[in-house]
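The residues making up each chain are set out below.
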Amino acid sequence: MNGLMMQQPLLISSLLIHAERHHGEQEIVSRRVEGDIHRYTFADLAARSRRMANALVSLGVKPSDRVGTLAWNGHRHMELYYAVSGSGAVLHTLNPRLHADQVVWIADHAEDQVLFFDLSFLPLVEAIAPRVKTIRHFVAMTDRAHMPAQSSIPALLCYEDLIADASDTFAWPEFDENTASSLCYTSGTTGNPKGVLYSHRSTLLHTFAAALPDALNCAASDVILPVVPMFHVNAWGLPYVACMVGAKLVYPGPALDGKSLHELFESEGVTLSAGVPTVWQGLLAHVESNDLKFSTMRRTIIGGSACPPAMMRTFQERHGVAVLHAWGMTELSPIGTVCSFKPAQRALSEHGRYAVQAKQGRAVFGIDMKIVGEDGHELPWDGQSSGDLYVRGPWVVGHYFRMADKSPLVVTGNKGWFPTGDVATIDPLGTMQITDRSKDVIKSGGEWIGSIDLENVAMAHPQVAMAACIAVAHPKWDERPLLVVVKKPDQTLTREELLAFYDGKIARWWTPDDVVFVDAIPLGATGKMLKNKLREQFKEHRLPTA
Ligand code: ADP
């Protein structure tokens, strides 16, 4: 017997319809590439998204066609989120920090038909335009007054002209909720990038879960500023969450330096933000050196790579901003776990609470997870056993886009589970901790050393700005840890002082065998440390213990 409830597909357009009808007055504020601060309401967003949906039809965009974007966080990008997916096409957010060759490869693989781009990326688009195979229209996301005087891009279109010429009457089509809605490629630090094709259903379910109190805890009273880019897994879902709950949105555009961000936090009354640890380093350095405060910010979501506890302490103790440590992946839309306290954890000593917060947290409903040993069997949740992390759920990738033979689900013994490539422990309360990515693991004398733990200790040293720990070959132990460190400006820290700092903080045999100081650690397109580059760079490094 079926239930007798209404059949309504879960569609992204329903988020926009809800936001317009129930939160029409709520604001969206954007710092634009043109330099100004733009503000309008959810009602305006909905009307302009309908106009853009009509414009897409006039450009010949059909259901399931891929529409690419190379854009910062801003209101026009958000209009495309809804116009493209809502009309049944697929929004493909390209990462503009990638090399032109990679952008060409990804746009060709996705068979993008139209490319929308912010003016900052004009040189990149001019470089790729003659090379991409399927893009028929290029649209500059600006108004007539700011269109480039000349450009090598043939028949370059203007975003605001398209909007002005289109009707704001558009009935969002109803279709199967399993229809593809958006596409995001992994950053591909190993091999070619892989496309993750989200559906309307997976996106809506992810949005419900993301908004929950023990997840990102979003409400109509929030003012959300996603620093995480809209090209990095849909800004972790926040452009959808804001419409669902009616929260005010603040978009920072291209200005991601500490000063510009802090100004927006204060002037717009931001309560919640989100980003990778490397972004917060710049912001915190600015706030600290100018003796500034966060007067409205209450929480910040930090994920994408491990948040060093030292950063958590600065946010929480000096600024009263609670840190929500979260773990996810492009393949998980992206949210997998969020670290909010259970009652027993909240009751712990300060030291104990920080130990919990250093973990990546509990699975939100919708995600199931397990850790698996080398023999393929599930390991106990004892907080000690560490193994390969597997997940499953309605917003976890089933197959990569147009790579049927590389289906992640074909895994002997663990069919139906996605191997994340991360190594983790899970404690008896279900709190998961990433100890490493499997390719970053340091294997010393047959035992694993968690590089993240070693980095967290180094980051707690007041003179350290950034630290990466990598494996270096060792004649006796196979591999031993090498610590690569960027010092804060004008600091005198020595190798010996830093190694002594490890005393009593970790098992003695985990202590790195050597420290090298560098000017900078290479970062990838989403702001993560590129340890594969470092391993290559220090391949020949001779450890003093060797
Ligand atoms: P990639 O960088 O591989 O393109 P993602 O941006 O999807 O893709 O990154 C996913 C990976 O980032 C995870 O598998 C994990 O290794 C790492 N990661 C994400 N969040 C955290 C976190 N809070 N702590 C440690 N590692 C994290």
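Residues numbered from 1 in each chain as written. Predicted model: local features only at pLDDT ≥ 70, side-chain atom pairs only at ≥ 80, totals over all residues. Heavy atoms only, no water.

The helix and strand tally for the chain stands at 16 helices and 25 strands. Against the compact-globule benchmark of 24 Å for 546 residues, the chain has a radius of gyration of 24 Å, which places it among compact chains. Projecting the C-alpha coordinates of the chain onto the three principal axes gives extents of approximately 70 × 65 × 45 Å. For the chain, the residues scored as buried account for 59% of the 546 residues in total. Here the analysis covers contacts within the chain between residues at least 6 apart in sequence; of these, 67% occur between residues at least 24 apart. (Helix = DSSP H or I, 4+ residues; strand = E, 2+ residues; numbered from the N terminus. Rg over C-alpha atoms; globule rule 2.2 N^0.38 Å. Buried < 20%, exposed > 50% of the residue type's maximum accessible area, 1.4 Å probe, protein only. Contact = heavy atoms within 4.5 Å.)

Here we take up the packing of helix α10 (residues 277-289) against helix α11 (residues 309-319). Interhelical geometry of α10 versus α11 gives an angle of 40° and a closest axis separation of 11 Å. Between α10 and α11, the interaxial angle falls into the category oblique. Two packed elements cross with a definite hand, and for α10 against α11 that hand is left-handed. Facing α10, whose interface residues are P277, W280, Q281, L284, V287 and E288, α11 presents M311, T314, F315, R318 and H319. Class assignment of the residues belonging to the contact of α10 with α11 gives a composition of six nonpolar, three polar and two charged. (Axes fitted to C-alpha atoms, helices over the stretch in contact; angles between N-to-C directions. Parallel < 35°, antiparallel > 145°, perpendicular 65-115°, else oblique. Left-handed = near helix turned anticlockwise from the far one by under 90°. Nonpolar A, V, L, I, M, F, W, Y, C, P; charged D, E, K, R; others polar.)

You can see S340 is positioned in the loop between β15 (335-338) and α12 (343-346). Residue contacts for S340: discarding those within four places in its chain leaves D214, L324, Q345 and R362.

If you walk through the whole model with that rule in mind, you get ten aromatic pairs. Residues Y81 and Y240 carry aromatic rings whose centres are separated by 5.6 Å and whose planes lie at 45° to one another, so their mutual orientation is tilted. You can see Y81 sitting in helix α3 (residues 75-86) and its partner Y240 sitting in helix α8 (residues 238-245), a full 159 residues away along the chain. Under the relative-accessibility criterion, Y81 is labelled buried at 0%. (Phe/Tyr/Trp six-rings, centres within 6.5 Å; stacked < 30°, edge-to-face > 60°.)

Before going further, it helps to spend a moment on the domain arrangement of the chain. Quoted interface sizes are often the accessible area lost when the parts come together. The domain architecture assigned to the chain consists of domain 1 (12-198) and domain 2 (442-537). Of note, the centres of domain 1 and domain 2, computed from C-alpha atoms alone, are 40 Å apart. Interface area, domain 1 with domain 2, both sides summed: about 360 Å², of which 54% is carbon and sulfur. The interface formed by domain 1 and domain 2 includes zero salt bridges. Per-class residue counts for the side of domain 1 that touches domain 2 are one nonpolar, two polar and one charged. (Domains from an automatic or database assignment. Buried area = accessible area lost by both parts, 1.4 Å probe. Salt bridge = Lys/Arg side-chain N within 4 Å of Asp/Glu carboxyl O.)

Attention shifts here to empty space enclosed by the protein. Applying the stated criterion to the full structure yields three cavities of 30 Å³ or more. Computed from the structure, the largest cavity encloses a volume of approximately 120 Å³. Surrounding the largest cavity, 16 residues form its lining, R32, V33, G74, R76 and D118 being those nearest its centre. Elements with a minimum of two residues in the lining of the largest cavity: β1 (27-31) and α3. (1 Å grid on protein atoms, 1.4 Å probe; cavity = no way out; pocket = protein on both sides within 12 Å on 5 of 7 lines; lining within 4 Å. Points joined across faces, edges and corners; volume = space filled by probe spheres on them.)

A separate point is unusual backbone geometry. Each neighbour pair has its own omega, and for S333 with P334 the value is 5°, a cis peptide bond. With respect to the helices, strands and loops of the structure, P334 is situated in the loop between β14 (322-328) and β15. The phi torsion at N234 lies on the positive side, around 55°, for a residue other than glycine. For N234, the position within the fold is in the loop between β10 (223-226) and α8. A relative accessible area of 4% means that N234 is categorised as buried. The phi torsion at A235 lies on the positive side, around 50°, for a residue other than glycine. Position of A235 relative to the elements: it lies in the loop between β10 and α8.

So, about the site of the ligand. Close to the ligand lie 16 residues; S187, A326, T330, D422 and K528 are nearest. At 3.0 Å from a nitrogen atom of the ligand is found a main-chain nitrogen or oxygen belonging to G304. Alone, the ligand offers 560 Å² of accessible surface; in the complex the protein occludes 93% of this. The greatest single-element share of the shell around the ligand, amounting to four residues, is contributed by β14. For the shell around the ligand, the class distribution of residues is four nonpolar, nine polar and three charged. (Near = heavy atom within 4 Å. Polar contact = N/O pair within 3.5 Å; in protein donor to acceptor, adjacent residues only side chain to side chain. Areas by Shrake-Rupley, 256 points an atom, 1.4 Å probe, with all protein chains shown as cover.)

On to the pattern of salt bridges, then. Evaluated as defined, the whole model comprises 34 salt bridges. One salt bridge connects E317 with R313, and the closest N-O pair in it is separated by 2.9 Å. Residue E317 and its partner R313 are both found in helix α11; the two are separated by four residues, about one turn of the helix. Residue D513 is joined to R480 by a salt bridge in which the shortest nitrogen-to-oxygen separation is 2.8 Å. On the criterion of sequence distance, the pair formed by D513 in the loop between α15 (495-500) and β25 (514-517) and R480 in strand β24 (residues 478-487) is long-range, its members being 33 residues apart. On the basis of relative accessibility, which here comes to 7%, the residue R480 falls in the buried class. Salt bridges here are not isolated pairs; linked through shared partners, they connect E34, R48, R76, E79 and E160.

In space, the seven strands of this open sheet follow the order β7-β6-β5-β3-β4-β8-β9, with mixed pairing throughout. Two strands close off the open sheet at either side, each with one partner strand: β7 (157-158) and β9 (195-199). In this structure, strand β8 (residues 180-185) lies alongside β9, joined through five bridges in antiparallel fashion. Among the inter-strand pairings, C184 is bridged to a residue of β9, identified as V196. (Pairing = 2+ DSSP bridges.)

Burial along strand β11 (residues 248-251) is two-sided: the face carrying K248 and V250 and the face carrying L249 and Y251 are both buried. One ladder, built from three bridges, connects β1 with β11; its direction is parallel. Bridging from a neighbouring strand, I28 pairs with L249 of β11. As paired elements, β10 and β11 share two bridges and run parallel to each other.

With that out of the way, let us pick up the nonpolar core. If you look at the biggest cluster of nonpolar residues, it comprises 90 residues, and the most contacted ones within it are M52, M78, Y82 and F116. For M52, the residues in contact, after removing those within four places along its chain, are L80, A83, F116, Y159, L162 and I163. Listed in part, the 32 residues of the second largest apolar core include L70, L98, L183 and F401. (Core = buried A, V, L, I, M, F, W, Y, C linked by side-chain atoms within 4.5 Å.)

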